[in-house]
Amino acid sequence: MTCFTKNDNGTEILLDYCSATASPKVVTAVEAHAQACQQCRDLIAAQRGVFESLDQWQAPEVSANFDQRLYARIAEQRPQPFWTAWFNGISLWKPALAGGLACAALALVLLMPGPHEVPRTDASKRIEHVDMDQVEQALEDLDLLAPQPAAGPM
Amino acid sequence: MPDRPQPFTDSRVETDMEVAAALPGMRPEVREVEHDAQLMLRVRAGDDSSFALLLDKHRRPVVHFLYRMVQNQAVSEELAQEVFLRVYRSRERYEPTAKFTTWLYRICTHVALNSIRDGKNEKSQKSLDNGPLEGREIQVDDGRPSTEQELLNQARLCEIRAAVDALPGKQRVAVVMHKFEGMDYASIARTLECSESALKSLLFRAYETLRGRLAHLV
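All values derive from a computational prediction rather than experimental measurement.

## A short note on the overall build of chain A
Step number 1: Looking only at helices and strands, chain A has seven helices and zero strands in total.
Step number 2: A buried classification covers 11% of the 154 residues belonging to chain A.
Step number 3: For chain A, restricting intrachain contacts to residue pairs at least 6 apart in sequence, the fraction spanning at least 24 positions comes to 50%.

## Concerning the overall build of chain B
Step number 1: Within chain B, the regular secondary structure consists of 10 helices and zero strands.
Step number 2: Reading chain B from its N terminus to its C terminus gives the helix and strand order α-α-α-α-α-α-α-α-α-α.
Step number 3: For chain B, buried positions account for 33% of its 218 residues.
Step number 4: The contacts in chain B between residues at least 6 apart in sequence include a share of 64% that link residues at least 24 apart.

## Details of the confidence of the model for chain B
Residue and element names in this part refer to chain B.
Step number 1: Residues at a pLDDT of 70 or more form 73% of chain B, whose mean pLDDT is 81.
Step number 2: For the stretch residues 26–31, pLDDT sits under 50, and the model shows seven contacts to residues farther than four places along the chain or on other chains.
Step number 3: A low-confidence stretch, residues 123–140 (pLDDT under 50), is modelled with 22 contacts involving residues beyond four sequence positions or located in other chains.
Step number 4: For this predicted complex, the interface confidence score (ipTM) comes to 0.73, while the overall pTM stands at 0.67.

## Examining helix α2 (residues 35–44) of chain B
Residues and elements named next belong to chain B.
Step number 1: Summarising burial for α2: seven of the 10 residues are buried, a large majority.
Step number 2: Those residues of α2 that fall on the buried side of the exposure criterion are A37, Q38, L39, M40, L41, R42 and V43.
Step number 3: The first or second residue beyond α2 is G46, which carries a positive phi of 105°.

## Some details on the interface of chain B and chain A
Step number 1: Across the boundary between the two partners, chain B contributes 29 residues, which contact 27 residues of chain A.
Step number 2: For the side of chain B that touches chain A, the secondary structure elements donating two or more residues are α3 (48–70), α4 (73–89), α7 (147–165) and α10 (196–214) of chain B.
Step number 3: Residue composition of the side of chain B that touches chain A, grouped by class: 16 nonpolar, four polar and nine charged.

## Concerning unusual backbone geometry
For residues that are not glycine, phi is negative in most cases, and the peptide bond is trans in most cases.
Step number 1: The backbone of A:A20 sits at a positive phi, close to 60°, despite the residue not being glycine.
Step number 2: Along the chain, the position of A:A20 falls in the loop between α1 (8–18) and α2 (24–34).
Step number 3: Looking at A:A20, the number of C-beta atoms within 10 Å reads 9, which means it is exposed.
Step number 4: If you check the backbone angles, B:Q71 has positive phi at about 60° while not being a glycine.
Step number 5: Looking at where B:Q71 falls in the secondary structure, it is placed in the loop between α3 and α4.

## A few points about the environment of B:S115
Residue and element names in this part refer to chain B.
Step number 1: Position of S115 relative to the elements: it lies in helix α5 (residues 100–118).
Step number 2: The class of S115 is buried, set by 21 C-beta atoms lying within 10 Å.
Step number 3: In sequence terms S115 and L79 are 36 residues apart; their C-alpha atoms lie 8.2 Å from each other.

## Concerning the nonpolar core
Step number 1: The biggest cluster of nonpolar side chains holds 61 residues, and the ones touching the most others in it are A:L14, B:L66, B:L79, B:V83, B:C108 and B:A174.
Step number 2: For this core, the element with the most residues is α3(B), which contributes 10 residues.
Step number 3: Setting aside residues up to four positions removed in sequence, B:C108 forms contacts with B:V62, B:F65, B:L66 and B:V83.

Cut-off values and rules
Here the residue numbers are simple positions, counted from 1 along each chain's written sequence. As they are written, the chains are lettered A onward and the ligands numbered 1 onward, keeping that order. Per-residue local features of the predicted model are confined to residues with pLDDT of at least 70, and side-chain atom pairs are confined, for both listing and counting, to 80 or more; whole-chain, interface and lining totals are unaffected and use all residues. Each helix is a run of DSSP H or I of at least 4 residues and each strand a run of E of at least 2, with the numbering of both proceeding from the N terminus. Buried means a residue has 20 or more other C-beta atoms within 10 Å of its own C-beta, exposed means 12 or fewer, and partly exposed covers the counts in between; C-beta atoms are placed from the backbone. What counts as a contact is two residues whose backbone-derived C-beta atoms lie within 7 Å of each other. pLDDT is a residue-level measure of predictor confidence that goes from 0 to 100. In this classification, the charged set is Asp, Glu, Lys and Arg, the nonpolar set is Ala, Val, Leu, Ile, Met, Phe, Trp, Tyr, Cys and Pro, and all remaining amino acids, among them Gly, are polar. To count as a nonpolar core, a set of buried Ala, Val, Leu, Ile, Met, Phe, Trp, Tyr and Cys residues must be joined through C-beta atoms within 7 Å.

What follows is the structure, given as structure tokens:
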């Protein structure tokens, strides 16, 4: 049998053997040949050493917020609706908007009713009522004090 | 972008014929496309939940592939985001002319090789030295490997990473895909857009180089 190390096809076979992907038939053939071929045994040992070394190289786990960051980037690149551009334009006029609101508030204050139009309270109503009572009582007192008509002969 | 869409349940899995019927203008051969390509076609049709499923399935292997290419976790995640961003952006033009993973890893390879070429990755001697023990505490006197053993392991890992890092771009891609992604020769060749014989030649040269550099570690 031709040594596996002599051509690319043989190297492929040895590689598959070392990575445990060769068919059972190929495995048997390689192992039978390797018993008598030092070159193949050396290559197999070296390649298995490479695979074992590479197996020790573990990759770290993916960050927990990977998806969140990705979706945020996707959202940034989505075309915005037309009305958002209009709103963004409005946001540039914030000082004017604030001034307008201030004027509206001032106008509201100016249009509010003045102090003379304040409705009467119950206290004022009670005072008037008392005053009328006092007037009526005073008039009755005056009637009592008026001279009485004279009495008949003795 | 709304909150992450809920993935569909098994009850929503449709047969190929139903998918073909649901998407007007679909070619008959689409009925035979593999599952990932079906999901991508749904993304093309506006189903963002299918994109979430593809992300869930391929996030880890993509990040790990890129990590072994650039050997920096932060950069690898940034590049992985770029990969999935490109997948999403090209959804409307997607055609299942090849396996989805072939297309996906072609993007990964392109992004990784660009990064390496442009020197954008933050790989440095510092990151190589810190890699194995990054974020870990050294255990002492508790039955686990001693500090000295940890340091030896760290040195060994540094040599392994340096050996891979020294490989030319396409050889590195071939080794990472073959060894860590478990891809066969045909799949790697399609991803690298070369013949299978060319890919094997590339891979054998890469492993020969690694055998030479890592012989003293065996």
